[in-house]
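Here are the chains, one letter per residue:
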Amino acid sequence: MPVMTIHEAVTRRLEVLAPDGTVDEALMPQLDREQVETMHRWMLLGRTLDAKAITLQRQGRMGTWASLRGQEAVQVGAVAAMEDDDWLIPAFREHVAMIVRGVPGETLLAYWAGDERGSAFPPGTRVFPVPVPVGSQFPHAAGVGMSLRMRGEQAVAVAFIGDGSTSEGDFHEGMNFAGVFRANTVFIVQNNQWAISVPLSRQTASETLAQRAWGYGFPGIQVDGNDVFAVYAACRGAFERARTGGGPTLIEAVTYRMGDHTTADDASRYRDPEEVASWAQRDPLDRLRRFMEGRGWWDDTRQAAAETAAAEVVEEMVARMMAMEPQPPREIFGHMFARMPEYLEEQASELEREVER
Amino acid sequence: MSTTTAVETTVAETRRETSRRTLVQAVRDAMAEAMRRDPSVLVMGEDVGPNGGVFRATEGLYEEFGPERVIDTPLAESGIVGTAIGMAMTGWRPVVEIQFMGFVYPAINQILAHAARMRNRTRGRFGVPMVIRMPYGGGIHAPEHHSESYEALFVHSPGIKVVVPSTPADAKGLLLEAIFDDDPVLFLEPKRIYRSSRDEVPEGSHRVPIGPARLARKGRDVTLIAWGAMVPQALAAAELLARDGVEAEVLDLRTLDPMDRGAIVESVGRTGRAVVVHEAPRQAGVGAEISALIMERCLLQLLAPVRRVTGFDTVMPLARMERLYLPHRDRIVAAVRETLEF
Ligand SMILES: Cc1ncc(C[n+]2csc(CCOP(=O)(O)OP(=O)(O)O)c2C)c(N)n1
Ligand SMILES: [Mg+2]
């Protein structure tokens, strides 16, 4: 009996934009100046919002905040490749992706400030709420992709997850369902190297996260996650495939969490500052800026104007969030069921009487 | 009918050095002490290694005992508990940390389907000497799923002990006892009072038995029954009531399974009134069990119906409204007055 090779898979990595701002023209996706400037604007919005939220947290005006600094290119590259009818199923760090997909900034901020209305997105917004139990969103994303396929919608469910969260069973169950049912789903891992204090080497013994897709019967690809063009190009292809019935893809975007895990964390306890410094050299925003400068589209004046504009947008979001009236106590009870059962009605009245006293 | 009296204070086995520790430090000390005494004790969980746990409950253990015994695991609660069961059945005493009670759900299959049933399933051949530690409860302005108090799920389920300390000394004594127990113990840590006070905690091997309640305050008019972070609220209520001459007894249950039924019956039998306080939702909460027990065993001594001061039957609100949800001193006082005026 011969020994036969019955399966071989090759996992590729895509890079387009180098840290010095030059691109591989052969791999460069079709993007005009306006599109590139929009990507830059969104990335800058993400960074500006992040810095502001951290400041607010320190001042006691914001709850725990999960920083996205360093990961702007993954989020923006992905949402830039989405169409109107596509669904976003975020993890918990996808602030700018959520905003671009229609979640008002003040709503998102309210969520992190500890207000339930922060998950009440405007009607029609095709964005799932933040799932705090990590990985639990992957089966949902598979389900959304199955739903789109069953209804014949030419749309894709785009799901995010962190590298550490790929260890959860739900990651695997979601991908398996998506593979079996050829769901219109694309899974994006933001591999930022860390899960709080635990490095990727403690999450998997495989060389890449991308290659895990092959075990579920669909392709995986790795991209430079600090390269917005590589993310965009990989997403564009994968989304198109999923929309047209070609099935799921797993995209591993290799990036880095530049900040603490959240404002409740102190990364200096477990991370080598040299590692952080080396990733600063690969900053996704600097890289895109160099590209735009190289094309003659950008200079210091434009940069300064863009920063001012981003700061204004963020200030307005914050002002609107701060202006929200507190919720009445009854709201604790009002959304448990479509119709409030009697026992909750009683408890709500009990609380109202107490508050009036 | 046998009755026991709750242990009045936590006493060290022998007169010994003490040091002032917070509850979370006492938890840490218990693990360090157990690991020094017994090489089969090991710690597993997310971020328990160099980071020392997100609440610093394992601080310094990695440095003292090394990566073989203080194991940062992949981010997978079912995996953590499941592997710990395998290890516990083959000679280890794993102390597992679940980062927050709200993240235990993926592990419930392993806890209830296996850890809690293995001894019975194998007719006593295998036990699962494992501790599953987890911070629980609200009041720290954390995001969703970081404030859960779902002890009733586990008290309801046969085969697993449930321990909830409310003082640093008890945290150390009960955790040491839990680690050397031959059955699985769920150890719930009231994170809201992790650092709220310091106590004299005996150095070395301080043990507090699993089972007996603690008489936190003596009284004759009403019995307040509480555990975890609700004990300080009950004590504050008792303090306030005392100003009006109402003497409330406060029972800190410390262990919810097995529960000190004798102490509850003895106390309520004397006072004739009971108010149960828990921050978990009311419906089918542990308060319901206690209330049924009192009905069954103290009916003729009761002067008023048992009152429950609990969380509401809703999702725990996010930070901005959690204050409205959590039971507090004044709510307890109001309930006591209702039982007095009944
Ligand atoms: C089921 C579950 N377990 C634990 C946690 C606590 N927790 C929140 S984020 C996190 C690390 C996530 O790491 P990763 O998936 O890499 O995402 P990143 O934070 O790096 O974006 C942990 C352990 C959680 N939210 N849910
Ligand atoms: Mg990560």
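Residues numbered from 1 in each chain as written. Chains lettered and ligands numbered in written order. Predicted model: local features only at pLDDT ≥ 70, side-chain atom pairs only at ≥ 80, totals over all residues. Heavy atoms only, no water.

Peer 1: If you had to explain the overall build of chain B to someone new, which residues and values would you point to?
Peer 2: Looking only at helices and strands, chain B has 12 helices and 14 strands in total. Computed over C-alpha atoms, the radius of gyration of chain B comes to 19 Å, within 12% of the 20 Å expected from 2.2 N^0.38 for 342 residues, which places it in the range of a compact globule. Along the longest, intermediate and shortest principal axes, the C-alpha atoms of chain B span 60 × 45 × 45 Å. When burial is assessed residue by residue, chain B has 62% of its 342 residues classed as buried. Long-range pairs, those at least 24 residues apart, make up 83% of the contacts in chain B with a sequence separation of at least 6. As displayed, chain B has an accessible area near 12800 Å², and 51% of this comes from carbon and sulfur atoms. Distance from the positive charge centre (41 side chains) to the negative charge centre (44 side chains) of chain B: 2 Å. (Helix = DSSP H or I, 4+ residues; strand = E, 2+ residues; numbered from the N terminus. Rg over C-alpha atoms; globule rule 2.2 N^0.38 Å. Buried < 20%, exposed > 50% of the residue type's maximum accessible area, 1.4 Å probe, protein only. Contact = heavy atoms within 4.5 Å. Areas by Shrake-Rupley, 256 points an atom, 1.4 Å probe, with all protein chains shown as cover. Lys, Arg positive; Asp, Glu negative; His and termini not counted. Charge placed at Lys NZ, Arg CZ, Asp CG, Glu CD.)

Peer 1: Just give me the short version of the sheet that holds strand S14 (residues 307–311) of chain B, but keep the residues and values in it.
Peer 2: Adjacent strands of a sheet form backbone hydrogen bonds with each other and so pair up, either parallel or antiparallel. Residues and elements named next belong to chain B. Sheet architecture is open: five strands sit in the order S9-S11-S10-S13-S14, paired in mixed fashion. For this open sheet the edge positions go to strand S9 (214–217) and S14, each flanked by a neighbour on one side alone. For this sheet the average axis-to-axis angle between neighbouring strands, irrespective of direction, equals 25°. (Pairing = 2+ DSSP bridges. Axes fitted to C-alpha atoms, helices over the stretch in contact; angles between N-to-C directions.)

Peer 1: Give a detailed account of the site of ligand 1, specifying residues and quantitative values.
Peer 2: Around ligand 1, 20 residues are found, and the nearest of them are Arg93, Asp163, Ser165 and Asn192 of chain A together with Glu77 of chain B. At the site occupied by ligand 1, the surrounding residues belong to chains A and B. In this structure, an oxygen atom belonging to ligand 1 sits 3.5 Å away from a main-chain N or O atom of Gly162 of chain A. In this structure, Ser165 of chain A approaches ligand 1 through a side-chain N or O atom, which is 2.5 Å from an oxygen atom. In isolation ligand 1 has 570 Å² of accessible area, and contact with the protein removes 96% of it. Across the shell around ligand 1, the residue classes break down as nine nonpolar, six polar and five charged. (Near = heavy atom within 4 Å. Polar contact = N/O pair within 3.5 Å; in protein donor to acceptor, adjacent residues only side chain to side chain. Nonpolar A, V, L, I, M, F, W, Y, C, P; charged D, E, K, R; others polar.)

Peer 1: Explain the interface of chain A and chain B to me, using residue names and the numbers behind them.
Peer 2: Each partner contributes residues to the interface: chain A has 36 residues there, and chain B has 36 residues. Across the chain A/chain B interface, buried area totals approximately 3200 Å², and carbon plus sulfur atoms make up 56% of it. The largest contributions to the chain A side of the interface with chain B come from Arg202, Arg269 and Ile332 of chain A, which together make up 20% of the buried area. There are four salt bridges connecting chain A and chain B. In this structure, Arg282 of chain B engages Glu350 of chain A in a salt bridge whose closest nitrogen and oxygen atoms are separated by 3.2 Å. At the level of secondary structure, the elements contributing two or more residues to the side of chain A that touches chain B comprise helix H11 (331–334) and helix H12 (342–356) of chain A. A per-element tally of the side of chain A that touches chain B places H12 of chain A first, with seven residues. (Buried area = accessible area lost by both parts, 1.4 Å probe. Salt bridge = Lys/Arg side-chain N within 4 Å of Asp/Glu carboxyl O.)

Peer 1: So what's going on with the nonpolar core? Which residues, and what values?
Peer 2: In terms of nonpolar packing, the biggest core is built from 160 residues, with Ile188, Phe229 and Phe291 of chain A together with Ile264 and Ile290 of chain B touching the most fellow members. A per-element tally of this core places helix H7 (residues 228–243) of chain A first, with 10 residues. Beyond its immediate chain neighbours, meaning those up to four positions away, Ile188 of chain A contacts Val74, Ala78, Val158, Ala159, Phe160, Ile161, Cys235, Phe239 and Ile251 of chain A. Membership of the second largest hydrophobic core comes to 22 residues, among which are Ile161, Ala178, Ala183 and Val189 of chain A. (Core = buried A, V, L, I, M, F, W, Y, C linked by side-chain atoms within 4.5 Å.)

Peer 1: Tell me about unusual backbone geometry, and please be specific about residues and values.
Peer 2: Residue and element names in this part refer to chain B. With an omega dihedral of 0°, the bond running from Asp257 to Pro258 counts as a cis peptide bond. Checked against the element boundaries, Pro258 lands in the loop between strand S12 (255–257) and helix H9 (261–271). Even without glycine at this site, Arg56 takes up a positive phi of about 70°. Mapped onto the fold, Arg56 is located in the loop between strand S2 (41–45) and helix H2 (61–65). Here the phi dihedral of Arg254 falls at roughly 65°; this positive angle occurs in a residue that is not glycine. The exposure class of Arg254 is buried, given its relative accessible area of 2%.

Peer 1: A description of helix H6 (residues 169–180) of chain A should follow, citing residues and the corresponding values.
Peer 2: Residues and elements named next belong to chain A. For H6, with 12 residues, the first-to-last C-alpha span of 17 Å sits near the 16 Å given by 1.5 Å per residue. Residues of H6 that are buried include every one of Phe171, Gly174, Met175 and Ala178, and no others. Relative to the axis of H6, the buried residues are bounded by an arc of 95° and lie together on one face. In this structure, the buried residues of H6 make contact with helix H5 (137–150), strand S3 (157–162), strand S4 (185–191) and strand S8 (249–254). One or two residues past the end of H6 sits Arg182, with phi positive at roughly 45°. (Expected span 1.5 Å × (residues − 1). Arc of directions from axis to C-beta.)

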